[in-house]
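Now for the letters of each chain:
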Amino acid sequence: MEIVIVGAGIGGLVTALALHKAGHSPVIHESVTQLRELGVGINLLPHAVRVLSDLGLQERLLEAGIATSELLYFNKHGQKIWREPRGFEAGYDWPQISIHRGRLHAILLEEVRNRLGLDAVQTGHHLRSLDIEGTRPGLEFVSRENSGLKHTCKADLVIGADGIHSAVRAHFYPDEGPPMWNGAILWRGMCESDCFLTGRSMFMAGHANQKFVCYPVSGDHFRSGHSLTNWVAELRFDPQQAFQREDWNRRADPSTFLPEFGNWAFDWLDIPALVQATTDIWEYPMVDRDPVPQWSFGPVTLLGDAAHPMYPIGSNGASQAILDAQSLTLAMETHSRVDDALLAYETERLEPTAAIVRANRGQGPEQVMQIVEERAPDGFDDLDQIISNNELQDIAMRYKRLAGFDRESLNRKAQA
Ligand SMILES: Cc1cc2nc3c(=O)[nH]c(=O)nc-3n(C[C@H](O)[C@H](O)[C@H](O)COP(=O)(O)OP(=O)(O)OC[C@H]3O[C@@H](n4cnc5c(N)ncnc54)[C@H](O)[C@@H]3O)c2cc1C
């Protein structure tokens, strides 16, 4: 069976590895000519690490990244609102891994090339058009540099894993238009620093309109007693304003946001100093798209950000793409007809991911910071007077269930 995956991002590469393990030989066509280690930090939740572990990757990922031990929420004064253990420390059978997205991508790419062969990833192939009229879909790829026709092919199965600007999705939803902006801008960076908190902690501070997210991402740095620290500063503006189209590679100047965080020098981490020590800072608008009613159209389907672009809240972007890869592969194993498999995959994955898109619009589990901001903008002496532990527990657990990684059901699934 000829399987074409469009896009060699995290979703496309993991799908190729999973399908290969199930006996298939997919070919990935990727728009960019040279795949480089791009992006800053990214988080893999235990259910996604479980999928990667089944593909034999856990050791490499733990070597490269950090087994995150805890997640903390603070208010804008640096007072602790919530702490929960994560990954192994929380009793999961798999870790949560914080890792440089570029490293993760490079590891996956290397594994694909080693296992499937060098020709399995065709770079410089930008999907221009998809033809679904015949018995087998036809694809036309151009070079992005000069729009010259590069390659045409037909396939028995086409997986659109081509990200938030998916050409495959646009084929089925031509009037959808650009992603929607919620008014927030994210500035992202990474720099070497001293370890903070446990050295394997992830924290968020602030509230819905102003937030700072921070976590270490490098195993090498940690083992040498240091931290390669990933951070994201977020500010909210009027969503009616114009914003620059989302581009993961747009550089930014810290003077545009740093003054707002000027007094966020907490005794456990000096945030302004961290930002000032960062050489490369990137800007990205918080965008997503409304969930669509259908991903699978005969032998063509969508996966990852192409299927369910969501706000990068709750560490779910890459994790959900990885779960898609597993679900699609299992469906292929249990259905003899491709279109039945794709419908089964869609039935399993569309509604749960749509629920995460919607939950992330409501701040996901981070809503506890906004609740505390509204109830105690000047800080608090006794957190219990502001929000009860039950309320905090409830919000955290609800999101885990929704995103499919509450400990009991995940560990139970593994034993089944
Ligand atoms: C360069 C880059 C940097 C990123 N940095 C971060 C980060 O720092 N932190 C974070 O949380 N998330 C980041 N992301 C997003 C994150 O990787 C995704 O949200 C998540 O991993 C889901 O992955 P995906 O494979 O569905 O989409 P993506 O990772 O976006 O991958 C889609 C792939 O499809 C390719 N593509 C697009 N259009 C076409 C086309 N017409 N034809 C062929 N190929 C096409 C793209 O070049 C890309 O390689 C980044 C994405 C990219 C592309």
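Scroll up to find the structure this text is about.
Residues numbered from 1 in each chain as written. Predicted model: local features only at pLDDT ≥ 70, side-chain atom pairs only at ≥ 80, totals over all residues.

### Points about the overall build of the protein chain
Spelled out, the test is: Think of it this way: any DSSP run of H or I at least four residues long counts as a helix, any run of E at least two long counts as a strand, and we number them from the N terminus. By the convention adopted here, residues are in contact when the distance between their C-beta atoms, placed from the backbone, does not exceed 7 Å.
Looking only at helices and strands, the protein chain features twelve helices and 20 strands. Projected onto its principal axes, the C-alpha coordinates of the protein chain cover approximately 70 × 50 × 40 Å. Partitioning the contacts of the protein chain with sequence separation of at least 6, the portion at a separation of at least 24 is 72%.

### Observations concerning the sheet that holds strand S10 (residues 138-142)
Test applied: One requirement defines pairing of two strands: DSSP has to find at least two bridges between them. Helix axes are fitted to C-alpha atoms over the stretch in contact, other axes to C-alpha atoms as well, and angles between N-to-C directions run from 0 to 180 degrees.
The antiparallel open sheet is built from three strands, whose spatial order is S9-S10-S11. The open sheet terminates on both sides in strands that have one partner only, identified here as strand S9 (126-131) and strand S11 (149-154). Taking the axes of each pair of neighbouring strands and ignoring which way they run, one obtains an average angle of 20 degrees across the sheet. Where S9 lies against S10, five bridges are found, and the strand directions are antiparallel. Across the sheet, Leu127 pairs through a bridge with Phe141, a residue of S10.

### Points about the site of the ligand
Rules: A residue counts as near a molecule or strand when its C-beta atom, positioned from the backbone, falls within 6 Å of it. When residues are grouped by polarity, Ala, Val, Leu, Ile, Met, Phe, Trp, Tyr, Cys and Pro land in nonpolar, Asp, Glu, Lys and Arg in charged, and all others, Gly among them, in polar.
As a structural note, the neighbourhood of the ligand is formed by 32 residues, with Gly7, Gly9, Gly39, Gly163 and Gly304 the closest of them. Of all the secondary-structure elements, those providing two or more residues to the shell around the ligand are helix H1 (10-21), S9 and helix H8 (317-334). Here the residues of the shell around the ligand sort into 15 nonpolar, twelve polar and five charged.

### Observations concerning the packing of helix H9 (residues 338-361) against helix H11 (residues 389-403)
For clarity, the threshold we go by: For classification, angles of less than 35 degrees are called roughly parallel, those exceeding 145 degrees roughly antiparallel, those between 65 and 115 degrees roughly perpendicular, and all remaining angles oblique.
Close contact between H9 and H11 brings their axes to 9 Å; oriented N to C, the two are set at 150 degrees. As summarised for this structure, H9 and H11 are arranged roughly antiparallel, according to the angle between their axes. In this structure, H9 uses Ala355, Ile356 and Ala359 to contact H11, whose residues at the interface are Tyr399, Leu402 and Ala403. Looking at the contact of H9 with H11 residue by residue, the class counts come to six nonpolar, no polar and no charged.

### Remarks on the nonpolar core
For the record, the criterion: To form a nonpolar core, buried Ala, Val, Leu, Ile, Met, Phe, Trp, Tyr and Cys residues must be joined through C-beta atoms within 7 Å. To sort residues by exposure, count the other C-beta atoms lying within 10 Å of each residue's C-beta; 20 or more gives buried, 12 or fewer gives exposed, and values between give partly exposed, all with C-beta atoms placed from the backbone.
Membership of the largest hydrophobic core comes to 107 residues, with the highest contact counts inside it found for Val14, Ala48, Val158, Val168, Phe212, Leu303 and Ile322. Discounting residues that sit within four places of it in the chain, Val168 has contacts with Val6, Leu127, Leu130, Val158, Gly160, Asp162, Val300, Leu302 and Ala306.

### Brief notes about the packing of H1 against helix H4 (residues 101-116)
Spelled out, the test is: Note: crossing handedness is left-handed where the near helix turns anticlockwise from the far helix by less than a right angle, and right-handed where it turns clockwise.
At a minimum axis distance of 10 Å, the contact between H1 and H4 shows a crossing angle of 35 degrees. Classified by chirality, the crossing of H4 by H1 is left-handed. Together, Ile10, Leu13, Val14, Ala16, Leu17 and His20 of H1 and Leu104, His105, Leu108, Leu109, Glu111, Val112, Arg115 and Leu116 of H4 make up the contact between the two elements. Classifying every residue of the contact of H1 with H4 by side-chain character gives ten nonpolar, two polar and two charged.

### Thoughts on the sheet that holds strand S12 (residues 157-160)
If you walk across this open sheet you meet the five strands as S8-S2-S1-S12-S20, and the pairing is parallel. In this open sheet, the two edge strands, each paired with only one partner strand, are strand S8 (121-122) and strand S20 (300-302). Two strands pair when backbone bridges link them, and strand S2 (residues 27-29) and S8 are joined in this way by two bridges, in the parallel orientation. Along S8, the bridge assignment pairs His29 with Gln122. Here H1 sits on the sheet and contacts strand S1 (3-6), S2 and S12; the angle it forms with S1, its principal contact strand, is near 160 degrees.

### A look at the pairing of strand S13 (residues 180-194)
Pairing between S13 and strand S19 (residues 281-288): seven bridges, direction antiparallel. Paired with Trp181 across the two strands is Val287, which belongs to S19. As defined by bridge partners, S13 adjoins strand S16 (residues 226-236) across eleven bridges and the pair is classed as antiparallel. Residue Gly189 lies in a different strand from S16, and its bridge partner there is Trp231.

### Thoughts on unusual backbone geometry
Negative phi values dominate among residues other than glycine, just as trans dominates among peptide bonds. One non-glycine residue, Leu197, lies in positive phi territory at about 50 degrees. Relative to the elements of secondary structure, Leu197 occurs in the loop between S13 and strand S14 (201-207). What makes Leu197 partly exposed here is the crowd of 17 C-beta atoms within 10 Å.

### Some remarks on the pairing of S12
Two faces, one strand: in a regular strand the side chains alternate between the faces of the sheet. Of the two faces of S12, the one carrying Leu157 and Ile159 and the one carrying Val158 and Gly160 are both buried. Note that S1 and S12 share four bridges and pair parallel. Considered in S12, the bridge of Val6 is made with Gly160. By the bridge criterion, three bridges tie S12 to S20 in an arrangement that is parallel. Looking at S20, one finds that Gly160 is bridged to Leu302.

### With respect to helix H2 (residues 46-54)
Most of H2 sits inside the fold, with seven of its nine residues counted as buried. Of all the residues in H2, the buried ones are Pro46, His47, Ala48, Val49, Arg50, Val51 and Leu52. The first or second residue beyond H2 is Gly56, which carries a positive phi of 80 degrees.

### What to know about H1
Let me state the cut-off plainly: Take the residue count of a helix, subtract one, and multiply by 1.5 Å to get its expected span.
Between its first and last C-alpha atoms H1 spans 17 Å; for twelve residues at 1.5 Å apiece the expected length is 16 Å, and the two agree. Burial within H1 is extensive, with eleven of its twelve residues counted as buried. When H1 is considered as a whole, its buried residues turn out to be Ile10, Gly11, Gly12, Leu13, Val14, Thr15, Ala16, Leu17, Ala18, Leu19 and His20. Residues of H1 that are buried make contact with S1, S2, H4, S12 and H8. Positive phi appears at Gly23, one or two residues downstream of H1, with a value of about 100 degrees.

### Let's talk about the environment of Ala22
Looking at the secondary structure, you find Ala22 in the loop between H1 and S2. Classification of Ala22 by C-beta neighbours within 10 Å gives exposed; the count is 12. In this structure, the C-alpha to C-alpha distance between Ala22 and Ala64, residues 42 residues apart in sequence, is 26 Å. Among residues more than four places away in sequence, those in contact with Ala22 are Thr329, Met332 and Glu333.

These results come straight from atomic positions and should not be treated as a statement about function.
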